[in-house]
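Here is how the chains run, residue by residue.
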Amino acid sequence: MNIDIPAGVRVYNRIETSQIKYIQDRISEIFERWGYEEITLPSFEFFSVHSRGFGEEIENRAFKFIDRNSGEILTLRADFTSQIARYFASLKKKTVPKRYYYSGDIFRYVIPKADRLWERKQMGVELIGVKELEADAEVIAVAVQSLENLGIKNYQIDINNVKIFDTVKDLLGLDRESFITFMDYVRKREVYSIERFISDFDVEDRLKEFVVRIPEIQGDITVIQNLKEELKDFPELIKSLESIEKVYNILSDYGISDRVIFDIGEPKEFSYYTGIVFEIFIRDYSRPIGQGGRYDSLISKYDGNIPATGFAFDLLNIWEYMKLSGRIHEIKKKDFFIIDLTREKRSAYRIGKILREKGYSVGRDIVKREFKKSLEFAFEEGYSKAIVIGLDSTEKDIYIYSSMDSFEKLNLEEFLRKI
Ligand SMILES: N[C@@H](Cc1c[nH]c[nH+]1)C(=O)O
């Protein structure tokens with residue numbers, strides 16, 4: 001009998017679940033402190049509606065199924081941001097600025113391999129209704145504080161402005177298809193392909209030089225300042241660079257600009273981004289742990305022309321990093337495990353009830369087996385203490401074990417008074 005689950009999903013056991021929960025709790029503490037309100041979004045939507053939000057890349061990876069009643073195609077949530085855009089557009093009263101946060105799973109198909117999952121955990125914020133760059137800086141600051149709250153210090157924020165790509169498209173006069181080809185070269189950082197691609201374009205050399213170098217332009221704020229100098233004759237490019245600089249300056253005021261680098265050659269997975277975009281890395285960990293950016297025309301795909309920005313953490317990557325670096329110790333313990341060796345079990349019920357009323361978590365053995373086996377089970381299962389009743393033919397004394405071989409013998413009534 002096959003009792004497997006598909007390759008792209010997995011189960012998280014008690015310890016794993018509590019570690020992930022610990023990460024979620026530290027992050028939501030910060031989200032709340034910045035005035036973001038948590039909302040819960042549906043696990044599936046109409047495919048035709050949900051997919052309007054994101055581009056082909058994600059659309060091709062969405063999980064689809066049929067509503068047996070209407071015959072409509074449904075899809076599991078592939079993107080929170082698109083869901084929030086749809087939700088906000090659906091509101092009669094659109095008060096801004098609106099700050100939402102969410103935590104949950106997204107479903108995107110990937111070819112199953114090693115630890116590549118179809119169901120990933122995200123936590124993110126969306127700040128809706130603010131076109132000012134202060135909003136872009138705010139969501140970056142929220143991300144940074146969340147990481148600090150987790151004790152993660154060696155993070156790095158890679159910032160870019162995708163407007164630069166749109167401006168290049170206009171300046172070179174690219175049609176949709178050649179723009180896709182161009183962006184593909186950028187994504188793969190193929191400088192020579194770009195050089196070949198633009199060699200017979202009739203544009204200024206300065207612009208050509210810039211375009212060819214795009215995949216390689218990375219570094220600190222001086223890179224942006226130098227580019228501004230070089231691209232003086234292209235006001236649209238200057239504007240995009242100035243936006244980056246402005247965000248950088250606000251982040252300096254927040255005291256976090258030393259964590260920022262710029263990566264002009266970094267395009268994004270989502271076509272909905274329209275301005276400042278960023279990715280969050282940890283220096284000694286290869287995968288990004290979060291990404292986000294501005295999406296000023298996404299909500300208008302549903303209704304209303306409202307600017308917005310946000311980001312999402314990839315919780316599984318954060319979790320993996322914290323495990324690898326020995327940073328996650330927080331495992332939720334259960335308090336007491338009651339092993340009652342008497343026939344009646346009345347003491348067990350009574351002690352359990354009193355402890356639970358006081359707010360402790362209490363489990364009971366119930367299973368009949370050798371006492372040592374029960375004790376082993378208690379500690380393996382994450383209980384902090386085991387209470388043993390009837391070990392020496394009296395119910396008046398109980399034994400409180402805090403490990404397999406350390407215990408305290410106490411009078412039952414005294415213990416209940418003290419606890
Ligand atoms: N939804 C994006 C992250 C994001 C949130 N807001 C803006 N961008 C993602 O899944 O990567």
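Small disclaimer: the values here were computed from a predicted structure and weren't measured. (Residues numbered from 1 in each chain as written. Predicted model: local features only at pLDDT ≥ 70, side-chain atom pairs only at ≥ 80, totals over all residues. Heavy atoms only, no water.)

## Remarks on the overall build of the protein chain
Stated precisely, the cut-off is as follows: Put simply, DSSP H or I for four residues or longer makes a helix, DSSP E for two residues or longer makes a strand, and each gets a number counted from the N terminus. Throughout, radius of gyration means the C-alpha value; the globule benchmark is 2.2 Å times the number of residues raised to the power 0.38. Burial classes: relative accessible area under 20% of the type maximum marks a residue as buried, over 50% as exposed, and values in between as partly exposed (1.4 Å probe, protein chains only). Areas reported here follow the Shrake-Rupley algorithm with a probe of radius 1.4 Å; residue values treat only the protein chains shown as occluding. Charged-residue counts in this description rest on Lys and Arg as positive and Asp and Glu as negative, His and the chain ends being excluded. Charged groups are reduced to one reference atom each: NZ for lysine, CZ for arginine, CG for aspartic acid, CD for glutamic acid.
In terms of regular secondary structure, the protein chain is built from 15 helices and 17 strands. Taking 22 Å as the expected radius of gyration for a compact globule of 419 residues, we find that the protein chain reaches 28 Å, considerably beyond that expectation. With the principal axes as the frame, the protein chain shows a C-alpha extent of 95 × 55 × 45 Å. Per-residue burial over the protein chain gives 51% buried out of 419 residues. Accessible area of the protein chain: about 21400 Å², with a carbon and sulfur share of 48%. Measuring between centres, the 65 positive side-chain charges of the protein chain sit 8 Å from its 72 negative side-chain charges.

## Things to note about the pattern of salt bridges
Spelled out, the test is: A pairing counts as a salt bridge when a side-chain nitrogen of Lys or Arg comes within 4 Å of a carboxyl oxygen of Asp or Glu.
Using the criterion set out here, one finds 31 salt bridges in the structure. Among the salt bridges present, the one from Glu-148 reaches Lys-153, with a minimum N-O distance of 3.7 Å. Take Glu-148: its relative accessible area is 34%, and that puts it in the partly exposed class. A salt bridge links Arg-294 to Asp-296; the nearest nitrogen and oxygen atoms lie 2.8 Å apart. Overall, the relative accessible area of 5% leaves Arg-294 in the buried class. For Asp-296, a relative accessible area of 25% translates into the label partly exposed. The network of salt bridges with common partners includes Arg-26, Glu-29 and Arg-33.

## Re the site of the ligand
Using the following cut-off: Whether a residue is near a molecule or strand depends on its heavy atoms: it is near if one of them lies within 4 Å of it. Whenever two N or O atoms come within 3.5 Å, that pair is a polar contact, provided that in protein one can donate a hydrogen and the other can accept it, and provided that, for residues adjacent in sequence, both atoms are side-chain atoms. Here the nonpolar group is Ala, Val, Leu, Ile, Met, Phe, Trp, Tyr, Cys and Pro; Asp, Glu, Lys and Arg are the charged ones; every other residue, Gly included, is treated as polar.
Inspection of the region around the ligand gives 16 residues, with Asp-79, Thr-81, Arg-108, Glu-126 and Tyr-273 positioned closest. Contact between the ligand and Tyr-272: a nitrogen atom at 3.0 Å from a side-chain N or O atom of the residue. In isolation the ligand offers 300 Å² of accessible surface; the protein chains occlude 99% of this area. Of all the elements in the fold, those that place two or more residues in the shell around the ligand are strand 6 (119–128), strand 11 (285–294) and strand 12 (308–314). For the shell around the ligand, the residue count by class is seven nonpolar, six polar and three charged.

## A closer look at unusual backbone geometry
Generally, phi is negative for residues other than glycine and the peptide bonds are trans, each holding for most cases. Here the residue pair Val-96 and Pro-97 is connected by a cis peptide bond, since its omega of 0° sits within 30 degrees of zero. Among the structural elements, Pro-97 can be located in the loop between helix 4 (80–90) and strand 5 (98–107). For Arg-189, which is not glycine, the phi torsion reads 55° and is therefore positive. Tracing the backbone shows Arg-189 in the loop between helix 7 (176–187) and helix 8 (191–198). Of note, Ile-366 is a non-glycine position whose phi angle comes to about 60°, a positive value. Ile-366 gets classed as exposed once you look at its relative accessible area, which sits at 62%.

Function-wise, these values are silent; they only describe arrangement.
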